[in-house]
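Understanding the architecture of this molecule
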Amino acid sequence: MKDLTHFVNGQHTAGTSGRFADVYNPALGQVQARVPLASKAEVDAAIAAAAEAQPGWAATNPQRRARVLMEFVRLLNRDMDKLAEALSSEHGKTLPDAKGDVQRGLEVIEFCIGAPHLLKGEFTDSAGPGIDMYSMRQPLGVVAGITPFNFPAMIPMWKMGPALACGNAFILKPSERDPSVPLMLAELLQEAGLPDGVLQVVNGDKEAVDAILDNPAIQAIGFVGSTPIAEYIYGRGCSNGKRVQCFGGAKNHMIVMPDADMDQAADALVGAGYGAAGERCMAISVAVPVGEETADRLIEKLVPRIEKLKVGPYTAGSDVDYGPVITAEARKRVLSLIESGVTQGADLVIDGRAFALQGYEAGYFVGPTLFDRVTTDMDIYRTEIFGPVLSTVRAKTYEEALGYAMDHEYGNGTAIFTRDGDTARDFASRINIGMVGINVPIPVPLAYHTFGGWKKSGFGDLNQHGPDAFRFYTRTKTVTARWPSGLKEGGEFHFKQMD
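Only a predicted model underlies this, so the values are computations on that prediction, with no experimental measurement involved.

1. Focus: unusual backbone geometry
Negative phi characterises most residues that are not glycine, and trans characterises most peptide bonds. Of note in this structure, asparagine 9 is not a glycine but carries a positive phi near 55 degrees. Relative to the elements of secondary structure, asparagine 9 occurs in the loop between strand 2 (6–8) and strand 3 (11–13). With relative accessibility at 36%, the residue asparagine 9 sits in the partly exposed group. Although it is not a glycine, serine 126 adopts a positive phi angle of roughly 55 degrees.

2. With respect to the sheet that holds strand 14 (residues 284–289)
One open sheet accounts for 7 strands, arranged 15-16-17-14-13-19-20; its pairing is mixed. At either end of the open sheet lies a strand with only one pairing partner, and these are strand 15 (347–350) and strand 20 (435–438). Across the sheet, the mean angle from the axis of one strand to that of its neighbour is 20 degrees, orientation sign disregarded. Two elements, strand 19 (residues 413–417) and strand 20, share 4 bridges in a ladder whose sense is parallel. Bridging from a neighbouring strand, threonine 414 pairs with valine 436 of strand 20. Along the sheet, helix 10 (residues 262–274) makes contact with strand 13 (252–256), strand 14, strand 16 (369–372), strand 17 (389–392) and strand 19, crossing strand 13 at roughly 170 degrees.

3. Here's the deal with the nonpolar core
Among the nonpolar cores identified, the biggest contains 68 residues, and Phe72, Phe170 and Leu199 are the most heavily contacted of them. Filtering out sequence-adjacent residues up to four positions away, phenylalanine 170 remains in contact with Val143, Ala144, Gly145, Lys159, Met160, Ala163, Leu164, Val198, Leu199, Gln200 and Tyr473. Residues Val256, Leu269, Ala272 and Tyr322 belong to the second largest nonpolar core, which totals 34 residues.

4. Looking at the side chain of lysine 173
Turning to its location among the elements, lysine 173 is positioned in strand 9 (residues 169–173). For lysine 173, a relative accessible area of 4% puts it in the buried group. Of note is the side chain of lysine 173, whose polar atom sits 3.3 Å from the side chain of glutamate 176. From its side chain, lysine 173 meets the backbone oxygen of glycine 204 in a polar contact 2.9 Å long. Not counting chain neighbours up to four residues away, the residues in contact with lysine 173 comprise Gly145, Ile146, Thr147, Val202, Asn203, Gly204, Ala208, Val209 and Ile212.

5. Structural notes on the environment of glycine 225
Tracing the chain through its elements places glycine 225 in the loop between strand 11 (218–224) and helix 9 (227–239). What makes glycine 225 partly exposed here is its relative accessible area of 22%. What glycine 225 contacts, discounting residues up to four positions off in sequence, is Phe247, Gly248 and Gly249.

Reading the values: rules and limits
Residues numbered from 1 in each chain as written. Predicted model: local features only at pLDDT ≥ 70, side-chain atom pairs only at ≥ 80, totals over all residues. Heavy atoms only, no water. Helix = DSSP H or I, 4+ residues; strand = E, 2+ residues; numbered from the N terminus. Buried < 20%, exposed > 50% of the residue type's maximum accessible area, 1.4 Å probe, protein only. Pairing = 2+ DSSP bridges. Axes fitted to C-alpha atoms, helices over the stretch in contact; angles between N-to-C directions. Contact = heavy atoms within 4.5 Å. Core = buried A, V, L, I, M, F, W, Y, C linked by side-chain atoms within 4.5 Å. Polar contact = N/O pair within 3.5 Å; in protein donor to acceptor, adjacent residues only side chain to side chain.

So this is what it looks like as structure tokens:
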């Protein structure tokens, strides 16, 4: 069995705590590696080394920092297949989905190559007699990212790319469930020319997280994961005087209007609801058809599409639609929530609980599941399932459908399918959710916009990637400068009242 490492000061480093976590192949239900869990002392040592390396990186001009990221992009493309293979074997998602994971992170790195422009300050000439004013965006110092299992390539790159481009050193604490790809990313950045110590990858559990939260050298923390942990990290980090952005859970609604193209809507729902086994914070988990006839037509379209889904390991070919969930505990939780939906009175249209795959009986597979006539008091509606389960909540009117999405505690993403421009514009204007799709089921913004949810899906006032990331990972310094004129006639070296 393979023993994984940390990545500290430009090299793989064995753990010294004596504590390890098992890394599984979720399709087989078998342990394939061990990952060390860092102690507080190990985390503090990595942070101290990063603090020593950071000033030199910050003094490197932005264009040269961008060239390191440019080379990193080339290396990511070179090793795409290798990264996807490692990702799929630990996470379980299909190879095309794994490549998409890497690609969406790569796109943020491409955006960060424009750092020299994004870091430009502002300048005012002659703000007063002989006085100029200008602002500079400067790095914070050492910053950290705590990232989840479901996107082990994309989200680390969303965090580290802008942070490094801005001149910070970065501590990455990835999920201990699928840590190989983050370690591979660190190797590639080192190969691209990143100086030793500027990026440290420290694997661990709550002890490592708390060490990051409490270390005074850490200036900012980015997190993606469940809402309870997001609230914990946000509260503890802020109380320690750190800048914190945390992104939590989701319950994304897709409203289907009577005038929608029902084939298009059904195709969108199947991909958005079941892709990556539903383990996406932007997955559509609630369909809200407006009107009984619309609901009946939608269910009629969905059933044959869902029944044709191919579930299996990533090694079974490119036509596999989705793989297992991440752990045995995750599978047990999803099955328990499906059972609660049955007990609480929802109509179970397609039951995925008994799904089994020959040769993979120990894998963490859950078959695609579809509920109809779900109500807002049911656990399957209120809870983020994070599995291949789609719930249908029937609404009588557009206003009722809008209310379902607006009243839910989560506000990450939402979508509406309609052919009516007035309805689409009204929806986009009124909905209290951070990311909105109009005839687009998973409205993840491209790298040059920002990603972030509202309500209990997001904590902090700046989003991920795009311009917000450069604001988050820098602080503004404003300089007021006076170069007195008329020295030959005798200069006055006091500030005159500005007029």
